[in-house]
Amino acid sequence: MKIEKIETFLVPPRWLFCRVETSDGVVGWGEPVVEGRAEVVRAAIDVLAEYLIGQDPLQIERHWQVLTKGGFYRGGPVLSSAVAGLDHALWDIAGKVYGAPVAALLGGRVRDRVRVYAWVGGDEPSSIGDAVAEQVAAGMTAVKMNASGQIQASPSVAEVNDIVTRLAAAREVLGDSRDVAIDLHGRVGVAGARRILHAVEGLQPMFVEEPVLPEQMAHLSSVVETSTIPVALGERLYHRAEFMAPLNAGVAVVQPDVSHAGGISELRRIAVLADAHGAMLAPHCPLGPISLAASLQVSFATPNFLIQEQSRGIHYNESSDLTSYVVDPAPFTWVNGHAEWNPLPGLGITVDEEAVRAADKIGHSWRNPVWTHEDGSFAEW
């Protein structure tokens, strides 16, 4: 069995899918994308396909090594995301060939269901209570929200107090038996992050995500030591080596993205590394159905798993949602805030190829917003 064909599909709202077909007719699907740079990743897939065409698709680790190390210049979000999508597809093929879910090929599941959380916004505070109540009514046991909208790198007293007010509104609805996490998105500086963690400590968020930018990692330990709130990060890290510094700084939760950090193969290794540091895995995944299906396979097989992000109903998905490109939405039907074990082979989903090909004819050119402060200077989004 050889790899015969590799195709990519630019599908709304902001996703890129890839399809790998073998000489035996087995098809695997992946989701290689950098949000806002999907076209660039698509070009990278075309280059990597030069190596993969004609290869045995079941030699996944061999191919991962070549795809990530075969060029003199390595790493970065575009290459790592391109490799990730191809890695998803190869694992999908392997599962279908062996008649088993990918989690079974990773050693088997260690849990029967995976806890997921819902996104409830947070940029605008007025609707937080209603948004959280809607998720509680749907059976969700955890939500995540932006700590703020646009904010100064050195936040004012009013901006910090606004964060506390938003979080308190969510906590009031959730009570003590459900969880809320807040995402700072790297929008404030190191000192600002310390102040915010100290201010929200009494509301006991499940974790505070990305309190500082990746380039400020040298100062992360001072943020971690500010409070007892677990610190989480990792969506903008692309290789296990990049997780060493935050883990040594005491980060409690790692959040690699299966579509950015080298796919299922590398996500699994990052989870093991985190486990050795006493940290837990909460995979980042605000993307499409293939990315989530791949991420869930790792989550089911990972002992130090905490919770899974998912994008159903997220504000990005206005034109297409998580179930728009799959034949059966059942794998993405949450039961009491959890994804149930899915015994189907491979990634456990059937992609609606006709819908994908039709959507690719429309395509997209999604770009993230670019913010500026009142004085005209650049603001982190």
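Residues numbered from 1 in each chain as written. Predicted model: local features only at pLDDT ≥ 70, side-chain atom pairs only at ≥ 80, totals over all residues. Heavy atoms only, no water.

Points about the domain arrangement of the chain
And then number 1: Here the chain is partitioned into domain 1 (3–100) and domain 2 (104–347).
And then number 2: Distance between the C-alpha centres of domain 1 and domain 2: 25 Å.
And then number 3: With both chains or domains summed, domain 1 and domain 2 bury close to 2,600 Å², and 64% of this area falls on carbon and sulfur atoms.
And then number 4: Three residues stand out in domain 1 for area buried against domain 2, namely Trp15, Trp64 and Trp91, and they jointly supply 23% of the buried area on that side. (Domains from an automatic or database assignment. Buried area = accessible area lost by both parts, 1.4 Å probe.)

Re the pattern of salt bridges
And then number 1: Summed over the entire model, instances satisfying the criterion amount to 16 salt bridges.
And then number 2: Of the charged contacts, one joins aspartate 112 and arginine 109 as a salt bridge, the two residues approaching to 3.2 Å between their closest N and O atoms.
And then number 3: As a salt-bridge pair, lysine 144 and glutamate 309 come within 3.5 Å of each other at their nearest N and O atoms. Linking lysine 144 in strand 5 (residues 142–146) with glutamate 309 in strand 11 (residues 308–309), this pair joins segments that are 165 residues apart in sequence. Residues lysine 144 and glutamate 309 agree in their burial class; the two are buried.
And then number 4: Here the salt bridges share partners, and the residues they tie into one network are Glu7, Arg19, Glu21, Glu353 and Arg357. (Salt bridge = Lys/Arg side-chain N within 4 Å of Asp/Glu carboxyl O. Helix = DSSP H or I, 4+ residues; strand = E, 2+ residues; numbered from the N terminus. Buried < 20%, exposed > 50% of the residue type's maximum accessible area, 1.4 Å probe, protein only.)

Quick notes on unusual backbone geometry
And then number 1: Here the amide bond leading from proline 12 into proline 13 is cis, since omega sits at 10°, within 30 degrees of zero.
And then number 2: Looking at the element boundaries, proline 13 is found in the loop between strand 1 (3–11) and strand 2 (15–22).
And then number 3: We note that histidine 185 has phi near 60°; this positive angle belongs to a residue other than glycine.
And then number 4: Mapped onto the secondary structure, histidine 185 falls in the loop between strand 6 (179–183) and helix 7 (190–200).
And then number 5: Of note in the backbone geometry, glutamine 204 takes a positive phi value of approximately 50° without being a glycine.
And then number 6: Tracing the sequence through the fold places glutamine 204 in the loop between helix 7 and strand 7 (208–209).

Overview of the environment of aspartate 92
And then number 1: Examined against the element boundaries, aspartate 92 turns out to sit in helix 3 (residues 77–98).
And then number 2: Apart from residues no more than four positions distant in its own chain, aspartate 92 is found in contact with Val27, Gly28, Trp29, Val102, Gly346 and Leu347.
And then number 3: Among the polar contacts listed, one links the side chain of aspartate 92 to the backbone nitrogen of leucine 347, at a separation of 2.9 Å. (Contact = heavy atoms within 4.5 Å. Polar contact = N/O pair within 3.5 Å; in protein donor to acceptor, adjacent residues only side chain to side chain.)

Quick notes on the sheet that holds strand 2
And then number 1: The strand order across the open sheet formed by three strands is 1-2-3, and the pairing between neighbours is antiparallel. If you trace the sheet from one side to the other, it starts and ends with strand 1 and strand 3 (27–30), each paired once. Recorded for the sheet is a direction-independent mean angle of 20° between the axes of neighbouring strands.
And then number 2: The strands touched by helix 1 (residues 38–52) within the sheet are strand 1 and strand 2, with strand 1 carrying the most contacts at an inclination of about 180°.
And then number 3: Along the sheet, helix 3 contacts strand 1, strand 2 and strand 3; its crossing angle with strand 3, the most-contacted strand, is approximately 145°. (Pairing = 2+ DSSP bridges. Axes fitted to C-alpha atoms, helices over the stretch in contact; angles between N-to-C directions.)

Side note on the packing of helix 1 against helix 2 (residues 60–69)
And then number 1: In the contact formed by helix 1 and helix 2, the axes pass within 11 Å of each other and the chain directions differ by 130°. Compared by their axis directions, helix 1 and helix 2 come out oblique. Once helix 1 is placed against helix 2, the crossing between them reads as right-handed. Residues Leu48, Tyr51 and Leu52 of helix 1 form the contact with helix 2, whose participating residues are Arg62, His63, Val66 and Leu67.
And then number 2: Classifying every residue of the contact of helix 1 with helix 2 gives five nonpolar, one polar and one charged. (Parallel < 35°, antiparallel > 145°, perpendicular 65-115°, else oblique. Left-handed = near helix turned anticlockwise from the far one by under 90°. Nonpolar A, V, L, I, M, F, W, Y, C, P; charged D, E, K, R; others polar.)

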